[in-house]
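# A look at the structure
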Amino acid sequence: MENPGIRRRPVQKRSIDRVERILDACAHLLDEVGLDALTTVDVARRAGVPSGTIYQFFDGKPGMLRELALRNLDLLLVRLRHRVAEEGPLTWPRAAELVLAVTVEMRRTVPGYTVVDFADTRPGGQTFLPPGETREGGDVLAERLYHFALDEAGLPPLPDPYHVMRLAIQATAAALHLAFATSPDGDPVMIEQGRTLLRAYFAAVSSPVSSAG
């Protein structure tokens with residue numbers, strides 16, 4: 001899928017390394033100054049590149065945030081692969097628990113992740129990921145998580161999968177927003193409430209009775 005935030009996809013190692021430095025600088029500055037105060041000038045200074053270099057590769061600040069969100073999504077899937085490989089046969093409720101656990105771990109340890117996971121969770125905030133391709137209105141996160149569940153985790157198809165996935169993603173975002181609003185490590189009680197919610201929801205939508213209905 002094309003990423004409209006990228007002006008030019010680097011191919012040479014030197015350029016690839018430069019883009020990674022820019023994204024690393026962006027992530028660390030997000031933790032330090034927040035989303036609104038982030039500027040391309042500060043990112044360039046932290047990355048050790050001329051300001052114009054950012055615009056060679058990105059469509060300004062929105063392009064950097066979009067590429068950072070896509071990098072975070074790739075990292076999420078890499079970590080999920082490791083967790084799934086350790087698990088054995090999965091159910092949808094257990095898979096939802098794993099996604100939540102890995103996301104919480106990334107929010108605690110990955111620079112910039114708490115500020116930019118996949119969307120600006122403030123009222124009226126925009127998504128940082130490009131739109132999806134599904135007619136039902138699915139987005140990239142819903143699509144990639146669902147295909148990962150089917151193709152790599154071996155889970156059975158869900159009825160109306162993109163509505164289910166999108167609602168689960170929004171519910172998870174809401175629970176984690178509340179959990180991390182008061183603590184950099186996340187309120188464990190609120191995280192557990194989110195786990196309970198997700199487990200119950202996926203138990204209901206993946207049950208044979210639900211599928212038959």
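## What about the pattern of salt bridges?
Pairing of side chains with opposite charge becomes possible as their charged atoms draw close. What the rule picks out here adds up to 14 salt bridges. For R195, the salt bridge is made with E97, and the minimal N-O distance between the two is 2.2 Å. With a gap of 98 residues between them, R195 in helix α8 (residues 188-205) and E97 in helix α5 (residues 92-109) connect regions that are remote in the sequence. Look at R195 and you get partly exposed, because its relative accessible area is 27%. The exposure class of E97 is buried, given its relative accessible area of 10%. One salt-bridge network, in which partners are shared between bridges, spans E87, R94, E97, E192, R195 and R199.

## What to know about the nonpolar core
The biggest cluster of nonpolar side chains holds 63 residues, and the ones touching the most others in it are V43 and F202. At the level of elements, α1 (13-33), α2 (40-47), α3 (51-57), α4 (60-87), α5, α6 (140-151), α7 (161-180) and α8 are the ones that each hand at least two residues to this core. Every residue in contact with V43, bar those within four places of it in the chain, is listed here: I22, A25, C26, L29, L38, I54 and M64.

About the thresholds
Residues numbered from 1 in each chain as written. Predicted model: local features only at pLDDT ≥ 70, side-chain atom pairs only at ≥ 80, totals over all residues. Heavy atoms only, no water. Salt bridge = Lys/Arg side-chain N within 4 Å of Asp/Glu carboxyl O. Helix = DSSP H or I, 4+ residues; strand = E, 2+ residues; numbered from the N terminus. Buried < 20%, exposed > 50% of the residue type's maximum accessible area, 1.4 Å probe, protein only. Core = buried A, V, L, I, M, F, W, Y, C linked by side-chain atoms within 4.5 Å. Contact = heavy atoms within 4.5 Å.

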